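Given next are the chains, with one letter for each unit.
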Amino acid sequence: MSPPSGANDSKTPPIVSLLAGGVAGGIEAAASYPFEFAKTRVQLRSQKGVPTPKNPFLVVSQVYHSEGLRALYKGCGALVVGSIAKDGVRFLFFDAIKNSFADPVTGTTSPLRNLLGGMTAGVVASITAVTPTERIKTALIDDARTEKRFRGGLHATKVIWQEGGILGLYRGFAGTTLKQASATAFRMGTYNILKDFETVRDIPQTTATNFANGSVAGVVTTLCTQPFDVIKTRSQSAQGASTVEAVKSVWLDYGVKGFWRGTTMRLGRTVFSGGILFTSYEAVASVLNPMFAVVKEKLPIDG
C-alpha cells in the first residue's frame with residue numbers, strides 16, 4: 001500500500017528544519033524575552049527579608065520604572081543568538097529522528113518515539129548552543145542587579161572565559177542538559193503527538209491549530225521541567241555554582257516549593273512562546289519546502 005499524500009512525500013529536508021527552526025527560535029526568544037527576564041530575576045538568590053513579587057507584570061513594571069527599558073532586555077542578545085542555534089539544532093535532529101521512524105502509511109510517529117526524539121535533540125542542543133548562551137544571559141541579568149561589571153554580552157563572555165575558561169562558559173551544564181532533554185522531549189513530543197492525532201483524523205493544520213498545539217506543549221513542558229530550570233538558573237548566576245550547590249541553596253532558601261519558583265512567570269512565557277515557536281516554524285517551513293523541492297528537482301541525482 002502506498003503512503004497517502006502528505007505522509008512520506010512531505011518529509012522536511014534537513015536544511016529546511018535547520019533554517020526554519022533557527023528563524024522560529026529567534027522570533028520566539030525576542031518576542032517573549034521580558035517574561036524570561038522576570039522569571040530569571042525571581043529564581044536568582046535575593047537578599048534576606050526582601051520579598052520578591054511572583055507576578056511577572058509587576059517584576060517587569062518595577063524594573064522598567066527603576067532601571068529603564070534597556071534593563072528589561074539585558075541578556076536578550078545572548079538568548080536570541082542561542083535560540084537561533086538551539087532551535088535550529090533541535091528541529092534538525094528531531095525531524096531527522098521523526099522522519100526515520102515515521103509510519104510509512106500515515107507519516108505519524110508513536111508517542112514514545114516523539115518523546116525520545118525530543119530528548120535526543122535537547123541533549124545535542126545543550127552541548128552545541130544552549131549551555132554557554134544561557135550562562136551568559138543569566139550572568140548578565142544577575143550582574144545587572146548586583147555588581148554591574150559586565151558591559152554587554154561580548155564583554156561578559158570575555159570575562160567569564162578569562163576567569164573560568166571553557167568550564168566557566170559551561171557552568172550549569174548538568175542542570176541545563178537535564179532541562180533541555182526533558183523540556184525538548186515534552187515540548188516537541190507533545191506538539192507532535194497532538195499534530196499526529198489531528199493528522200490521522202483529518203483535522204486541518206491551520207495557524208490557530210499550530211498556535212494552540214504549541215501553547216498546550218508549553219504548559220506541559222513548564223509543569224514537568226520547572227525544577228531543572230530553577231537549578232540551572234542558580235548554577236549560572238554571575239558568580240556561578242555547581243549543580244549540587246544550586247540544589248542545596250534552593251532547598252535552604254525555600255524548601256521543596258523553591259524548585260517550582262518562577263512557574264507562573266515561565267508559564268506566561270512558554271504558553272505564549274510555544275505558540276509563536278511552532279507557528280513560526282510551520283510558516284517558514286511551508287515557504288522553504290517548495291523552494292528546496294524545486295532545487296532538488298533541477299539537480300542531477302545519481303541512481
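See the structure above.
None of these values were measured; they are calculated from a predicted model. (Residues numbered from 1 in each chain as written. Predicted model: local features only at pLDDT ≥ 70, side-chain atom pairs only at ≥ 80, totals over all residues. Heavy atoms only, no water.)

## Thoughts on the pattern of salt bridges
- Across all of its chains, the model carries 9 salt bridges by this definition.
- One salt bridge connects D196 with K98, and the closest N-O pair in it is separated by 3.2 Å. Within this pair, whereas D196 is found in helix α7 (residues 173–200), its partner K98 is found in helix α4 (residues 76–101), the two being separated by 98 residues in sequence. Exposure class is identical for D196 and K98. Each is buried. (Salt bridge = Lys/Arg side-chain N within 4 Å of Asp/Glu carboxyl O. Helix = DSSP H or I, 4+ residues; strand = E, 2+ residues; numbered from the N terminus. Buried < 20%, exposed > 50% of the residue type's maximum accessible area, 1.4 Å probe, protein only.)

## A few points about helix α9 (residues 243–254)
- Compared with an ideal rise of 1.5 Å per residue, which puts 12 residues at 16 Å, α9 spans 17 Å between its outermost C-alpha atoms and is within 8% of the ideal.
- Within α9, burial applies to A246, S249, V250 and D253. Buried residues of α9, seen end-on, are gathered within an arc of 100° and therefore sit on one face of the element. Those residues of α9 that are exposed and angled more than 90 degrees off the buried face are V244, K248, W251 and L252.
- Buried positions along α9 lie against α8 (207–235).
- Positive phi shows up at G255, right after α9, with a value of about 75°. (Expected span 1.5 Å × (residues − 1). Arc of directions from axis to C-beta. Contact = heavy atoms within 4.5 Å.)

## With respect to a nonpolar patch on the surface
- A cluster of nonpolar residues, L112, L116, M119, V123, I127 and F173, forms a patch on the protein surface that exposes about 510 Å² of accessible area.
- In terms of residues, the nonpolar patch owes the most to one element, helix α5 (residues 111–145), which gives 5 residues.
- Mapped onto the elements, F173 comes out in helix α7. (Patch = residues over 30% accessible without salt bridge, like charges linked within 9 Å, V, L, I, M, F, W, Y side chains within 5 Å. Areas by Shrake-Rupley, 256 points an atom, 1.4 Å probe, with all protein chains shown as cover.)

## Observations concerning the packing of α5 against α7
- Their axes nearest at 6 Å, the elements α5 and α7 cross at an angle of 140°. For the element pair α5 / α7, the angle class is oblique. The element α5 and its partner α7 pack so that their crossing is right-handed. On α7, the residues touching P111, N114, L115, G118, M119, A121, G122, V123, S126, I127, V130 and T131 of α5 are F173, T176, T177, Q180, A181, T184, A185, F186, G189, N192, I193 and D196. (Axes fitted to C-alpha atoms, helices over the stretch in contact; angles between N-to-C directions. Parallel < 35°, antiparallel > 145°, perpendicular 65-115°, else oblique. Left-handed = near helix turned anticlockwise from the far one by under 90°.)

## Re the side chain of Q226
- Within the secondary structure, Q226 sits in helix α8.
- Ignoring sequence-local partners within four residues, the contact set of Q226 consists of Q43, F259, W260, R261, G262, T263 and R266.

## Comments concerning the packing of aromatic side chains
- A full pass over the atoms with the stated rule returns 5 aromatic pairs.
- Where F91 meets Y281, the ring centres are 4.0 Å apart and the plane angle is 10°; that geometry is what we call stacked. Linking F91 in helix α4 with Y281 in helix α10 (residues 263–298), this pair joins segments that are 190 residues apart in sequence.
- Cluster of aromatic residues (ring-pair linked, three or more members): F91, Y191, F278 and Y281. (Phe/Tyr/Trp six-rings, centres within 6.5 Å; stacked < 30°, edge-to-face > 60°.)

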